[in-house]
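# Geometric and topological summary
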Amino acid sequence: MDETRTTADLLEAWRDATRASELADRLATIATEAAEQAERSATASEEIAKMAERAASSAERAAKTARKAAIRARDFADDSRKRRLGDAKEAVGSARAAEATARDAFHESERQARERHDPSGR
């Protein structure tokens, strides 16, 4: 049975997506700082990279949830359709931005870990 989402449901989905994006951003920042401090510890750097990858996955899931909310808002909207759709698109943008930040931090952590493992670049 297809479930109609209310404005409150959409707001909750938006808030969840925003919280996931903010968490991903915080984890990416922490991962970057920790990677810089863990130059002598390859094991610690690998764990940090895994954390950043999980944060990126969480942000991607949050973006998918926000996209679903945006589609439902469009399909079941009334006079407030434009306002609710705008909110959902903002949530998607926030989630995508956080995912990009987490992805970049993950790749930077990997690059730094590789440099620590093989400073010659081979």
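Residues numbered from 1 in each chain as written. Predicted model: local features only at pLDDT ≥ 70, side-chain atom pairs only at ≥ 80, totals over all residues. Heavy atoms only, no water.

Along the protein, the regular secondary structure elements total three helices and zero strands. Contacts spanning at least 24 positions in sequence make up 78% of the contacts within the protein whose residues lie at least 6 apart. With an accessible surface of roughly 7,900 Å², the protein has 49% of that area assigned to carbon and sulfur atoms. (Helix = DSSP H or I, 4+ residues; strand = E, 2+ residues; numbered from the N terminus. Contact = heavy atoms within 4.5 Å. Areas by Shrake-Rupley, 256 points an atom, 1.4 Å probe, with all protein chains shown as cover.)

As a further point, take the environment of Ala97. With respect to the element layout, Ala97 can be found in helix H3 (residues 81-117). The class of Ala97 is partly exposed, set by a relative accessible area of 44%. With 34 residues separating them along the chain, Ala97 and Ala63 place their C-alpha atoms 9.6 Å apart. (Buried < 20%, exposed > 50% of the residue type's maximum accessible area, 1.4 Å probe, protein only.)

Under the counting rule described, the total for this entry stands at seven salt bridges. Here Arg111 makes a salt bridge to Glu115, at a shortest N to O gap of 2.2 Å. With Arg111 and Glu115 both in helix H3 and four residues apart, this pair spans about one turn of that helix. Among the residues examined, Arg111 registers a relative accessible area of 32% and is labelled partly exposed. Here Glu115 falls in the partly exposed class, since its relative accessible area comes to 42%. Overlapping salt bridges bring together Glu12, Asp16 and Arg19 as one network. (Salt bridge = Lys/Arg side-chain N within 4 Å of Asp/Glu carboxyl O.)

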